[in-house]
Number of protein chains: 2
Amino acid sequence: MGNQKLYKGSLQTIILQLLASNEKMYGYEITQKVKELTKGELNITEGALYPALHKLEADGLLDVEVANVGNRLRKYYKLTENGSKETANKVSEMQEFLRTMQHLVNPKFSLE
Amino acid sequence: MGNQKLYKGSLQTIILQLLASNEKMYGYEITQKVKELTKGELNITEGALYPALHKLEADGLLDVEVANVGNRLRKYYKLTENGSKETANKVSEMQEFLRTMQHLVNPKFSLE
DNA sequence: TTTTATGCATAAGAATTTTATGTATATATT
DNA sequence: AATATATACATAAAATTCTTATGCATAAAA
């Protein structure tokens, strides 16, 4: 069930970015969306996801809204104002990392 | 002195890739080379580097050769045969990660 | 009726890093 | 001459972030 391919530290940014383009999402939905977008390459485990969501909420980057669908519980998360700012920061930091890694791994390649 | 931008799990790959293009290097040299190649964006700390080198050696991916330069100690590392194979694997895994992240972070962008 | 999917959660352990030290020599600066 | 900076190794404690293993519960499918 492992991941192998998720570098540690990138999960928060992934969650924030998904919420930047989807308005509101619940946990299980996020795991499915990531699986879909990455064609099964990234599998966000619940043991990583839920603590990450709780931390983002505690840090004031996400708001939560509980909903009952049928007889099941869902917790919808959406970006706060502060969360939107932080998303922009974290995404561009990751872009920077991606460029840096490209330079290290393939010095002849440049995204610019 | 922190890094902020080094995702956990990428250090081994960085070291291996540097050694794939530089034949042999010693620890301090690696820290300086990374700083140079990334224009100061990535700072490999010694507390991360040396244990990582020792682990790569223990795993049979690196050979070490001690040298005295002036009156100072240097430990030159180079890839073993097995290390070269593993480098190729880890580098393409990272390339895969870079592509995947690009899709998540900027779905309109593709490296292919 | 048993498995799979949906949906949340937490705890123990592993892996990888940061931060803080420690030792020592060489060179540059005041 | 004294002090700071650069070079060069190393380790240990703490923090971070994940995996793996559980647990609970409802709904749908086999």
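In what follows, the structure referred to is the one given above.
Residues numbered from 1 in each chain as written. Chains lettered and ligands numbered in written order. Predicted model: local features only at pLDDT ≥ 70, side-chain atom pairs only at ≥ 80, totals over all residues. Heavy atoms only, no water.

A. Representation of the side chain of Gln-17 of chain B. Topologically, Gln-17 of chain B is positioned in helix H1 (residues 11-22). For Gln-17 of chain B, a relative accessible area of 13% puts it in the buried group. A polar contact of 3.3 Å, which involves the side chain of Gln-17 of chain B, links it to the backbone oxygen of Val-105 of chain A. Setting aside residues no more than four positions away along its own chain, Gln-17 of chain B makes contact with Leu-104 and Val-105 of chain A together with Thr-87 and Val-91 of chain B. (Helix = DSSP H or I, 4+ residues; strand = E, 2+ residues; numbered from the N terminus. Buried < 20%, exposed > 50% of the residue type's maximum accessible area, 1.4 Å probe, protein only. Polar contact = N/O pair within 3.5 Å; in protein donor to acceptor, adjacent residues only side chain to side chain. Contact = heavy atoms within 4.5 Å.)

B. Quick peek at the protein's contact with DNA strand D. Neighbouring DNA strand D are 25 residues; Gly-9 of chain A together with Lys-8, Tyr-26, Tyr-28 and Lys-75 of chain B lie closest to it. For DNA strand D, the backbone portion of the atoms within 4 Å of the protein, that is sugar and phosphate, comes to 71%. A distance of 2.9 Å is found between a phosphate oxygen of DNA strand D and a side-chain nitrogen or oxygen belonging to Thr-45 of chain A. With respect to DNA strand D, the side chain of Glu-46 of chain B contributes an N or O atom lying 3.0 Å from a base nitrogen. Put simply, the parts of the chain that give the surface near DNA strand D at least two residues each are helix H3 (46-58) of chain A together with helix H2 (27-37), helix H3 (46-58) and strand S3 (72-79) of chain B. Among the elements that line the surface near DNA strand D, the one with the most residues is H3 of chain B, at five residues. When its residues are assigned to classes, the surface near DNA strand D shows eight nonpolar, ten polar and seven charged. (Near = heavy atom within 4 Å. Nonpolar A, V, L, I, M, F, W, Y, C, P; charged D, E, K, R; others polar.)

C. Quick look at the nonpolar core. Residues Ile-15 of chain A together with Ile-15 of chain B are the most contacted members of the largest nonpolar core, which totals 54 residues. The contacts of Ile-15 of chain A, once residues within four sequence positions are left out, are Ile-30, Leu-49, Ala-52, Leu-53 and Leu-56 of chain A. (Core = buried A, V, L, I, M, F, W, Y, C linked by side-chain atoms within 4.5 Å.)

D. A look at the packing of H1 of chain B against H3 of chain B. Residues and elements named next belong to chain B. Between H1 and H3, the least distance of the axes is 10 Å, while the angle of their chain directions is 70°. Of the possible angle classes, the one that applies to H1 and H3 is roughly perpendicular. Judged by residue contacts, Leu-11, Gln-12, Ile-15 and Leu-16 of H1 engage Ala-48, Leu-49, Ala-52, Leu-53, Lys-55 and Leu-56 from H3. Here the residues of the contact of H1 with H3 sort into eight nonpolar, one polar and one charged. (Axes fitted to C-alpha atoms, helices over the stretch in contact; angles between N-to-C directions. Parallel < 35°, antiparallel > 145°, perpendicular 65-115°, else oblique.)

E. Layout of the relation of the copies chain A and chain B. For the pair chain A and chain B, the superposition axis carries a translation of 0.1 Å, the fit reaches an RMSD of 0.1 Å, and the rotation angle comes to 179°. Viewed as a symmetry operation, the transformation between the two copies matches a two-fold axis. Looking at the rotation axis and the C-alpha trace of chain A, the residue lying nearest is Lys-8 of chain A, at 2.4 Å. Mapped onto chain B, 96% of the interface residues of chain A are again interface residues, and the two copies thus contact each other with one and the same surface. (Least-squares fit on C-alpha atoms with pLDDT ≥ 70 in both.)

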